[in-house]
Amino acid sequence: MAITFIRVDDRIIHGQITTRWSQEYPCDAIVAVNDLAATNPVIKAAFLSSINKPLYIWTYAEWKEKCDKVLQSQKNYFLITKDPKLMAQILVDDKFDPGRREVCVGPANDRPGAVKLGNNQSLMQDEADAFEKIHQAGYKILFALVREDAIGYWPKFRGLFGYK
Amino acid sequence: MKYVIMVSHGEFAQGLRSAVRMMTGERDDMFSVSLKEDMGTNQFADEFAKLVEPFASDDEVLLFSDILSGSPFTTSLDILNQKGLLAKSMVFTGMNMPMVLTAVLMKDNIDGEDLKEAILSEGRMAVTFFDMNAVKEEEEII
(Lines give C-alpha, C1' and ligand atoms only; values in the text may rest on other atoms or scores of the structure.)
Protein backbone atom coordinates (compact mmCIF):
# COMPACT_ATOMS: atom_id res chain seq x y z
CA MET A 1 0.00 0.00 0.00
CA ALA A 2 1.05 3.54 -0.55
CA ILE A 3 -1.67 6.06 -1.42
CA THR A 4 -4.94 5.29 0.35
CA PHE A 5 -6.84 8.53 -0.24
CA ILE A 6 -6.55 11.28 -2.85
CA ARG A 7 -8.09 14.64 -2.09
CA VAL A 8 -8.55 17.96 -3.84
CA ASP A 9 -9.31 20.44 -1.07
CA ASP A 10 -9.26 24.23 -1.15
CA ARG A 11 -8.40 24.30 2.57
CA ILE A 12 -5.69 21.62 2.25
CA ILE A 13 -5.40 20.53 5.92
CA HIS A 14 -8.44 21.31 8.08
CA GLY A 15 -10.99 19.79 10.41
CA GLN A 16 -12.72 17.58 7.86
CA ILE A 17 -9.36 15.98 7.00
CA THR A 18 -7.96 15.74 10.51
CA THR A 19 -11.10 14.61 12.31
CA ARG A 20 -12.92 12.63 9.62
CA TRP A 21 -11.14 11.46 6.48
CA SER A 22 -8.00 10.45 8.36
CA GLN A 23 -10.26 8.07 10.33
CA GLU A 24 -12.14 6.75 7.30
CA TYR A 25 -9.13 5.43 5.38
CA PRO A 26 -5.85 3.94 6.58
CA CYS A 27 -3.61 6.96 7.17
CA ASP A 28 -0.06 6.83 8.53
CA ALA A 29 1.04 10.08 6.92
CA ILE A 30 -0.18 12.89 4.68
CA VAL A 31 1.49 14.62 1.75
CA ALA A 32 0.04 17.98 0.77
CA VAL A 33 1.39 19.55 -2.39
CA ASN A 34 1.00 23.30 -2.64
CA ASP A 35 3.69 25.85 -3.46
CA LEU A 36 2.17 28.67 -1.40
CA ALA A 37 1.60 26.66 1.79
CA ALA A 38 4.99 24.97 1.49
CA THR A 39 6.75 28.32 1.37
CA ASN A 40 4.65 30.15 3.98
CA PRO A 41 6.14 29.30 7.41
CA VAL A 42 3.06 30.37 9.39
CA ILE A 43 0.57 28.34 7.37
CA LYS A 44 2.98 25.44 7.30
CA ALA A 45 3.38 25.51 11.10
CA ALA A 46 -0.39 25.75 11.59
CA PHE A 47 -0.94 22.72 9.36
CA LEU A 48 1.88 20.73 10.99
CA SER A 49 0.47 21.31 14.46
CA SER A 50 -3.04 20.28 13.48
CA ILE A 51 -2.58 16.54 13.15
CA ASN A 52 -0.76 13.97 15.16
CA LYS A 53 0.70 12.13 12.16
CA PRO A 54 3.67 12.83 9.90
CA LEU A 55 2.61 15.58 7.52
CA TYR A 56 4.67 16.70 4.56
CA ILE A 57 3.85 20.07 3.01
CA TRP A 58 5.76 20.11 -0.24
CA THR A 59 6.15 22.38 -3.22
CA TYR A 60 5.39 20.73 -6.52
CA ALA A 61 9.15 20.61 -7.19
CA GLU A 62 9.69 18.74 -3.89
CA TRP A 63 6.86 16.38 -4.76
CA LYS A 64 8.50 15.55 -8.10
CA GLU A 65 11.73 14.82 -6.31
CA LYS A 66 10.23 12.64 -3.55
CA CYS A 67 7.04 11.06 -4.94
CA ASP A 68 8.73 7.80 -5.88
CA LYS A 69 9.86 7.37 -2.28
CA VAL A 70 6.25 7.76 -1.15
CA LEU A 71 5.17 5.05 -3.56
CA GLN A 72 7.91 2.74 -2.30
CA SER A 73 6.89 3.25 1.33
CA GLN A 74 5.09 0.45 3.14
CA LYS A 75 2.98 3.06 4.96
CA ASN A 76 -0.43 4.44 4.02
CA TYR A 77 -0.33 7.94 2.63
CA PHE A 78 -2.96 10.55 1.84
CA LEU A 79 -2.21 12.80 -1.14
CA ILE A 80 -3.79 16.27 -1.09
CA THR A 81 -3.66 19.21 -3.47
CA LYS A 82 -5.53 22.48 -3.13
CA ASP A 83 -6.15 22.85 -6.82
CA PRO A 84 -7.63 20.32 -9.26
CA LYS A 85 -5.27 21.58 -11.96
CA LEU A 86 -2.25 20.46 -9.97
CA MET A 87 -3.96 17.11 -9.26
CA ALA A 88 -4.54 16.68 -13.01
CA GLN A 89 -0.89 17.56 -13.61
CA ILE A 90 0.25 14.89 -11.13
CA LEU A 91 -2.18 12.11 -12.05
CA VAL A 92 -2.50 12.65 -15.79
CA ASP A 93 0.38 14.72 -17.22
CA ASP A 94 3.05 13.30 -14.93
CA LYS A 95 1.46 9.83 -15.09
CA PHE A 96 1.95 9.36 -11.34
CA ASP A 97 0.23 6.06 -10.60
CA PRO A 98 -1.16 6.12 -7.04
CA GLY A 99 -2.49 2.58 -7.35
CA ARG A 100 -6.08 3.66 -6.77
CA ARG A 101 -8.54 5.34 -9.10
CA GLU A 102 -10.73 7.51 -6.91
CA VAL A 103 -10.37 11.19 -6.09
CA CYS A 104 -12.41 12.87 -3.35
CA VAL A 105 -13.14 16.58 -3.63
CA GLY A 106 -13.67 18.81 -0.62
CA PRO A 107 -14.50 22.46 -0.05
CA ALA A 108 -14.28 24.87 -2.96
CA ASN A 109 -15.61 28.35 -2.25
CA ASP A 110 -18.22 30.06 -4.33
CA ARG A 111 -16.49 32.75 -6.44
CA PRO A 112 -17.67 35.09 -9.20
CA GLY A 113 -18.07 33.01 -12.34
CA ALA A 114 -18.09 29.68 -10.49
CA VAL A 115 -20.81 27.06 -10.97
CA LYS A 116 -22.23 25.78 -7.69
CA LEU A 117 -22.52 21.99 -7.47
CA GLY A 118 -23.52 21.95 -3.81
CA ASN A 119 -22.91 23.50 -0.42
CA ASN A 120 -19.36 24.96 -0.47
CA GLN A 121 -18.57 23.07 -3.67
CA SER A 122 -18.25 25.43 -6.62
CA LEU A 123 -16.04 25.15 -9.69
CA MET A 124 -14.62 27.53 -12.26
CA GLN A 125 -14.50 26.28 -15.84
CA ASP A 126 -10.72 25.67 -15.77
CA GLU A 127 -11.14 23.58 -12.61
CA ALA A 128 -13.94 21.61 -14.26
CA ASP A 129 -11.63 21.06 -17.23
CA ALA A 130 -9.05 19.61 -14.85
CA PHE A 131 -11.61 17.22 -13.32
CA GLU A 132 -12.72 16.19 -16.81
CA LYS A 133 -9.10 15.41 -17.64
CA ILE A 134 -8.78 13.28 -14.48
CA HIS A 135 -12.11 11.61 -15.32
CA GLN A 136 -10.97 10.81 -18.86
CA ALA A 137 -7.84 9.20 -17.41
CA GLY A 138 -10.09 6.66 -15.66
CA TYR A 139 -10.58 8.13 -12.19
CA LYS A 140 -13.86 8.25 -10.28
CA ILE A 141 -14.28 11.70 -8.72
CA LEU A 142 -16.53 12.03 -5.67
CA PHE A 143 -17.62 15.40 -4.30
CA ALA A 144 -17.90 15.11 -0.53
CA LEU A 145 -17.01 17.57 2.23
CA VAL A 146 -17.42 14.67 4.64
CA ARG A 147 -18.69 11.18 3.80
CA GLU A 148 -22.27 11.89 4.91
CA ASP A 149 -22.44 15.06 2.80
CA ALA A 150 -21.42 13.42 -0.51
CA ILE A 151 -23.32 15.01 -3.42
CA GLY A 152 -22.29 12.64 -6.19
CA TYR A 153 -19.66 11.70 -8.74
CA TRP A 154 -18.35 13.83 -11.60
CA PRO A 155 -20.61 12.35 -14.34
CA LYS A 156 -23.57 13.96 -12.53
CA PHE A 157 -22.01 17.44 -12.91
CA ARG A 158 -19.86 17.46 -16.06
CA GLY A 159 -22.82 18.49 -18.26
CA LEU A 160 -22.89 21.83 -16.40
CA PHE A 161 -19.49 22.59 -17.93
CA GLY A 162 -20.24 21.65 -21.54
CA TYR A 163 -19.14 18.01 -21.42
CA LYS A 164 -21.49 15.48 -22.99
CA MET B 1 -30.65 5.56 21.21
CA LYS B 2 -28.05 8.05 22.39
CA TYR B 3 -28.57 11.76 21.93
CA VAL B 4 -26.08 14.60 22.19
CA ILE B 5 -27.46 17.86 23.59
CA MET B 6 -25.44 21.07 23.89
CA VAL B 7 -26.65 23.81 26.24
CA SER B 8 -25.20 27.24 26.89
CA HIS B 9 -25.56 30.89 27.65
CA GLY B 10 -25.93 33.09 24.57
CA GLU B 11 -25.65 31.33 21.22
CA PHE B 12 -22.60 29.21 21.96
CA ALA B 13 -24.52 25.91 21.89
CA GLN B 14 -26.19 26.70 18.57
CA GLY B 15 -22.90 27.82 17.10
CA LEU B 16 -21.06 24.76 18.36
CA ARG B 17 -23.73 22.52 16.90
CA SER B 18 -23.32 24.27 13.56
CA ALA B 19 -19.53 23.87 13.73
CA VAL B 20 -19.72 20.18 14.63
CA ARG B 21 -22.21 19.67 11.83
CA MET B 22 -19.52 20.74 9.33
CA MET B 23 -17.48 17.73 10.44
CA THR B 24 -20.25 15.17 10.86
CA GLY B 25 -22.87 16.02 8.25
CA GLU B 26 -26.50 16.60 9.26
CA ARG B 27 -27.72 14.24 11.98
CA ASP B 28 -30.95 13.69 13.88
CA ASP B 29 -29.27 12.82 17.20
CA MET B 30 -27.54 16.13 17.93
CA PHE B 31 -29.32 19.15 19.42
CA SER B 32 -28.70 22.51 21.05
CA VAL B 33 -30.66 24.72 23.42
CA SER B 34 -29.45 28.21 24.27
CA LEU B 35 -30.35 30.57 27.07
CA LYS B 36 -30.27 33.82 25.15
CA GLU B 37 -29.82 37.21 26.82
CA ASP B 38 -33.49 38.16 26.66
CA MET B 39 -34.80 34.76 27.78
CA GLY B 40 -35.92 33.65 31.20
CA THR B 41 -34.84 30.29 32.58
CA ASN B 42 -38.47 29.15 32.37
CA GLN B 43 -38.43 29.58 28.63
CA PHE B 44 -35.16 27.67 28.45
CA ALA B 45 -36.69 24.93 30.59
CA ASP B 46 -39.71 24.74 28.28
CA GLU B 47 -37.53 24.42 25.20
CA PHE B 48 -35.36 21.76 26.80
CA ALA B 49 -38.41 19.83 28.03
CA LYS B 50 -39.96 19.97 24.56
CA LEU B 51 -36.76 18.63 23.04
CA VAL B 52 -36.52 15.61 25.37
CA GLU B 53 -40.27 14.95 25.40
CA PRO B 54 -40.15 12.25 22.70
CA PHE B 55 -37.14 10.49 24.26
CA ALA B 56 -37.87 7.00 25.63
CA SER B 57 -36.85 5.84 29.09
CA ASP B 58 -34.08 3.66 27.66
CA ASP B 59 -32.63 6.52 25.59
CA GLU B 60 -29.35 7.96 26.79
CA VAL B 61 -28.42 11.63 26.82
CA LEU B 62 -24.91 13.01 26.52
CA LEU B 63 -25.33 16.52 27.86
CA PHE B 64 -22.70 19.18 27.17
CA SER B 65 -22.84 22.47 29.00
CA ASP B 66 -20.71 25.61 28.59
CA ILE B 67 -19.89 26.02 32.28
CA LEU B 68 -20.47 24.13 35.47
CA SER B 69 -23.32 25.46 37.56
CA GLY B 70 -24.72 28.01 35.14
CA SER B 71 -28.48 28.18 34.59
CA PRO B 72 -28.43 26.14 31.35
CA PHE B 73 -26.54 23.39 33.19
CA THR B 74 -28.73 23.45 36.31
CA THR B 75 -32.00 23.71 34.42
CA SER B 76 -31.14 20.92 31.99
CA LEU B 77 -30.20 18.59 34.84
CA ASP B 78 -33.48 19.35 36.58
CA ILE B 79 -35.52 18.54 33.48
CA LEU B 80 -33.55 15.37 32.75
CA ASN B 81 -34.23 14.31 36.32
CA GLN B 82 -37.94 15.13 36.09
CA LYS B 83 -38.22 13.07 32.89
CA GLY B 84 -36.41 10.12 34.45
CA LEU B 85 -33.54 10.46 32.00
CA LEU B 86 -30.79 11.59 34.36
CA ALA B 87 -29.71 8.16 35.56
CA LYS B 88 -28.80 7.17 32.01
CA SER B 89 -27.23 10.51 31.13
CA MET B 90 -23.60 11.56 30.98
CA VAL B 91 -23.05 15.19 31.85
CA PHE B 92 -20.01 17.17 30.70
CA THR B 93 -19.20 20.81 31.31
CA GLY B 94 -16.71 23.20 29.75
CA MET B 95 -17.68 21.83 26.37
CA ASN B 96 -15.50 22.36 23.35
CA MET B 97 -15.62 21.22 19.76
CA PRO B 98 -13.37 18.13 20.07
CA MET B 99 -15.42 16.88 23.05
CA VAL B 100 -18.73 17.10 21.21
CA LEU B 101 -17.26 15.78 17.97
CA THR B 102 -15.83 12.77 19.80
CA ALA B 103 -19.20 12.18 21.48
CA VAL B 104 -21.11 12.29 18.21
CA LEU B 105 -18.65 10.10 16.31
CA MET B 106 -17.91 7.57 19.06
CA LYS B 107 -21.13 7.20 21.04
CA ASP B 108 -22.45 4.33 18.96
CA ASN B 109 -19.13 2.43 19.07
CA ILE B 110 -18.16 2.61 22.74
CA ASP B 111 -20.03 2.94 26.04
CA GLY B 112 -19.74 3.89 29.67
CA GLU B 113 -16.30 4.67 31.07
CA ASP B 114 -14.60 4.23 27.69
CA LEU B 115 -16.84 6.81 26.08
CA LYS B 116 -16.48 9.18 29.01
CA GLU B 117 -12.68 8.94 28.96
CA ALA B 118 -12.50 9.36 25.18
CA ILE B 119 -14.58 12.54 25.35
CA LEU B 120 -12.64 14.02 28.25
CA SER B 121 -9.21 13.21 26.90
CA GLU B 122 -9.97 14.65 23.45
CA GLY B 123 -11.40 17.76 25.07
CA ARG B 124 -8.40 18.23 27.35
CA MET B 125 -5.83 17.59 24.66
CA ALA B 126 -7.42 20.26 22.52
CA VAL B 127 -6.77 22.96 25.09
CA THR B 128 -3.21 23.83 24.23
CA PHE B 129 -0.78 26.57 23.31
CA PHE B 130 0.35 27.00 19.73
CA ASP B 131 4.08 27.66 19.65
CA MET B 132 5.22 28.14 16.10
CA ASN B 133 8.85 27.62 17.01
CA ALA B 134 8.16 24.26 18.58
CA VAL B 135 6.57 22.82 15.45
CA LYS B 136 8.85 20.28 13.84
CA GLU B 137 8.76 19.12 10.30
CA GLU B 138 9.26 15.47 9.44
CA GLU B 139 12.51 15.15 7.52
CA GLU B 140 12.48 11.56 6.35
CA ILE B 141 9.70 9.80 4.52
CA ILE B 142 8.34 7.09 6.76
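Residues numbered from 1 in each chain as written. Chains lettered and ligands numbered in written order. Predicted model: local features only at pLDDT ≥ 70, side-chain atom pairs only at ≥ 80, totals over all residues.

## Thoughts on the overall build of chain A
- Across its full length, chain A holds six helices and nine strands.
- Sequence-distant contacts, at least 24 apart, represent 68% of the contacts inside chain A between residues at least 6 apart. (Helix = DSSP H or I, 4+ residues; strand = E, 2+ residues; numbered from the N terminus. Contact = placed C-beta atoms within 7 Å.)

## Focus: the overall build of chain B
- In terms of regular secondary structure, chain B is built from five helices and four strands.
- Tracing chain B from N to C terminus, the helices and strands come up as β-α-β-α-β-α-β-α-α.
- Its C-alpha atoms give chain B principal-axis dimensions of about 60 × 35 × 25 Å.
- Split into buried and exposed, the 142 residues of chain B put 34% on the buried side. (Buried ≥ 20, exposed ≤ 12 C-beta atoms within 10 Å, placed from the backbone.)

## Re the pairing of strand S4 (residues 77-81) of chain A
Residues and elements named next belong to chain A.
- Summarising burial for S4: five of the five residues are buried, a large majority.
- Covered by surrounding structure in S4 are Tyr77, Leu79 and Thr81 together with Phe78 and Ile80, the residues of both alternating faces.
- Where strand S1 (residues 3-8) and S4 come together, five bridges link them in parallel fashion. Bridging from a neighbouring strand, Ile3 pairs with Tyr77 of S4.
- Relative to S4, strand S2 (residues 29-33) runs parallel, the two sharing five bridges. Within S4, the position partnered with Ala32 by the bridge is Ile80. (Pairing = 2+ DSSP bridges.)

## Considerations on the interface of chain B and chain A
- Between chain B and chain A, the residue contacts involve twelve residues of the former and 21 residues of the latter.
- For the side of chain B that touches chain A, the residue count by class is eight nonpolar, two polar and two charged. (Nonpolar A, V, L, I, M, F, W, Y, C, P; charged D, E, K, R; others polar.)

## Notes on the sheet that holds strand S3 (residues 55-58) of chain A
- Ordered by their spatial adjacency, seven strands build an open sheet running S3-S2-S4-S1-S5-S8-S9 (chain A), and the pairing between neighbours is mixed. Taken across any chain shown, the strands that pair with only one partner, and hence form the sheet edges, are S3 and strand S9 (152-153) of chain A.

## Re the nonpolar core
- If you look at the biggest cluster of nonpolar residues, it comprises 44 residues, and the most contacted ones within it are A:Val31, A:Ala32, A:Met87, A:Val103 and A:Ile134.
- In this structure, B:Ala13, B:Met22, B:Phe48 and B:Leu115 belong to the second largest nonpolar core, which totals 33 residues. (Core = buried A, V, L, I, M, F, W, Y, C linked by C-beta atoms within 7 Å.)

## Quick word on helix H4 (residues 60-72) of chain A
All names here are of chain A.
- Between the first and last C-alpha of H4 there are 19 Å, a value that for 13 residues agrees with the 18 Å anticipated at 1.5 Å per step.
- At Lys66, H4 is deflected by roughly 50°, the largest bend along its length.
- When we look at burial in H4, the residues that qualify are Trp63, Cys67 and Val70. (Expected span 1.5 Å × (residues − 1). Bend = angle between axes of the 7 residues up to and from the residue.)

## Details of the environment of A:Asn76
- Relative to the helices and strands, A:Asn76 is located in the loop between H4 and S4.
- Taking the C-alpha atoms as reference points, A:Asn76 and A:Ile3, 73 residues apart in sequence, are found 5.8 Å from one another.

## A word on unusual backbone geometry
Residue and element names in this part refer to chain A.
- Even without being glycine, Lys95 reaches a positive phi, approximately 55°.
- Locating Lys95 in the fold gives a position in the loop between helix H5 (84-93) and strand S5 (102-105).
- Residue class for Lys95 comes out exposed when judged on the 8 C-beta atoms lying within 10 Å of it.
- Located in the positive-phi region is Asn120, a residue other than glycine, with phi close to 60°.
- Inspection of the secondary structure assignment puts Asn120 in the loop between strand S6 (115-118) and strand S7 (121-123).

## As for the packing of helix H1 (residues 12-24) of chain B against helix H4 (residues 97-106) of chain B
Residue and element names in this part refer to chain B.
- Orientation of H1 relative to H4, taken along the N-to-C sense of each, is 50°, at an axis distance of 10 Å. The angle between H1 and H4 places the two elements in the oblique class. Helix-helix and strand crossings are classified by hand; for H1 and H4 the assignment is right-handed. Contacts from Leu16, Ala19, Val20, Met23 and Thr24 of H1 reach H4 at Met97, Val100, Leu101, Val104 and Leu105. (Axes fitted to C-alpha atoms, helices over the stretch in contact; angles between N-to-C directions. Parallel < 35°, antiparallel > 145°, perpendicular 65-115°, else oblique. Left-handed = near helix turned anticlockwise from the far one by under 90°.)

## Comments concerning the sheet that holds strand S2 (residues 30-35) of chain B
All names here are of chain B.
- In spatial order, the strands read S2-S1-S3-S4; together these four strands make up an open sheet with parallel pairing. Edge positions in the sheet fall to S2 and strand S4 (90-93), since each of these pairs with one other strand and no more. Ignoring strand direction, the axes of neighbouring strands in this sheet form an average angle of 20°.
- In this sheet, S4 lies alongside strand S3 (residues 60-65) in parallel orientation, the contact comprising four bridges. Each residue of the ladder has a partner; that of Phe64, found in S4, is Phe92.
- Across the sheet, helix H3 (residues 71-82) is in contact with strand S1 (2-9), S2, S3 and S4; its angle to S3 comes to roughly 165°.
- Its contacts with the sheet put H4 on S1, S2, S3 and S4, and the angle it makes with S1 is roughly 160°.

That is the geometry; function is a separate question.
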